[in-house]
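Working through the structure, step by step
Residues per chain are reported as follows:
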Amino acid sequence: MSQLPTRRESEQTEDERSGETPLWLRGRDAVVAAAEPHHWRNGKTPDYHLSATVMPRQRVSRHEAGSLEAIAESLVQVFEMEISHKHDPATWVSMVTDTFRTRANGGVWSNAEDLAEKGSYNVLIGDSVFYRPDEESFESSHRTFLRSFSQGFFWEVLEVLSPPPVITFKWRHWGAFDGSYKGFEPTGEVVEMFGMSVAKVSDDLRLLEVEHFYDPNAFLAELTGGCPVARDIPATS
């Protein structure tokens, strides 16, 4: 009598069964290319040409292909792309969507549906004297930061401190503040943010849970000159 496949075997993707690298580990460009037109918010495919042209000159870390640092960075880039540009979590390949959760600085946990509805800025920045997520929609939050960093708001892994299944890593987030932020004029200076994240991953390196630890106020203060006085542009502008 033949045995039923184990849960692990039954959950294997076609890529795994064929011995090929799973889609979510092939990089952001591969995941973008594999998506269907209707997967994208407003039917618009994301454009990452600045990541290909500007980011390599500005990053401070270099990782060998296949290293844990390179894999972690690529996976988070896929994750960020999917939650920012794919409207339906059912199409996200970077995580185990049904059970995924995330939070920042020990705050409230959010799931995939929360990210799809509110956006990563509103979920992961949280309430601040410099930023009010309850006054922002998914769309307005993205417009705010796209305007402030028109030449790109980049992210890189600096160092991986522990391997799977719990990957702990340090990171850097940066961009030139070349557009206004809620009425505060740009300085043109590069603004940097540093933090650490702890990511629990599945056997096939999909995200199960991610916790971020960083100081959003230190970053946002650089956009406002440290002034918490409300001079907000309308959330829907």
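Scroll up to find the structure this text is about.
A short tour of the structure in this document, coming up. Since the model is a prediction, treat every value here as computed from it, not as a measurement. (Residues numbered from 1 in each chain as written. Predicted model: local features only at pLDDT ≥ 70, side-chain atom pairs only at ≥ 80, totals over all residues. Heavy atoms only, no water.)

1. What about empty space enclosed by the protein?
- Applying the stated rule across the entire model yields 2 cavities of 30 Å³ or more.
- Considering the residues around the largest cavity, the lining is formed by L68, I71, A72, L75, V76, I167, F169, A199, V201, L205 and L207.
- Elements represented by at least two residues in the lining of the largest cavity include exactly helix 6 (68–85), strand 4 (166–176) and strand 5 (190–201).
- Ranked by residue count, the leading element in the lining of the largest cavity is helix 6, at 5 residues. (1 Å grid on protein atoms, 1.4 Å probe; cavity = no way out; pocket = protein on both sides within 12 Å on 5 of 7 lines; lining within 4 Å. Points joined across faces, edges and corners; volume = space filled by probe spheres on them. Helix = DSSP H or I, 4+ residues; strand = E, 2+ residues; numbered from the N terminus.)

2. Considering the sheet that holds strand 6 (residues 207–214)
- Strand order in the open sheet formed by 6 strands is 2-1-6-5-4-3, with mixed pairing between adjacent strands. With one partner strand each, in any of the chains shown, strand 2 (110–111) and strand 3 (154–162) form the two edges of the open sheet.
- Two strands pair when backbone bridges link them, and strand 1 (residues 101–104) and strand 6 are joined in this way by 4 bridges, in the parallel orientation. Within strand 6, the residue paired with R101 across the bridge is E209.
- Together, strand 5 and strand 6 form the strand contacts of helix 10 (residues 216–224), whose direction differs from that of strand 5 by roughly 155°. (Pairing = 2+ DSSP bridges. Contact = heavy atoms within 4.5 Å. Axes fitted to C-alpha atoms, helices over the stretch in contact; angles between N-to-C directions.)

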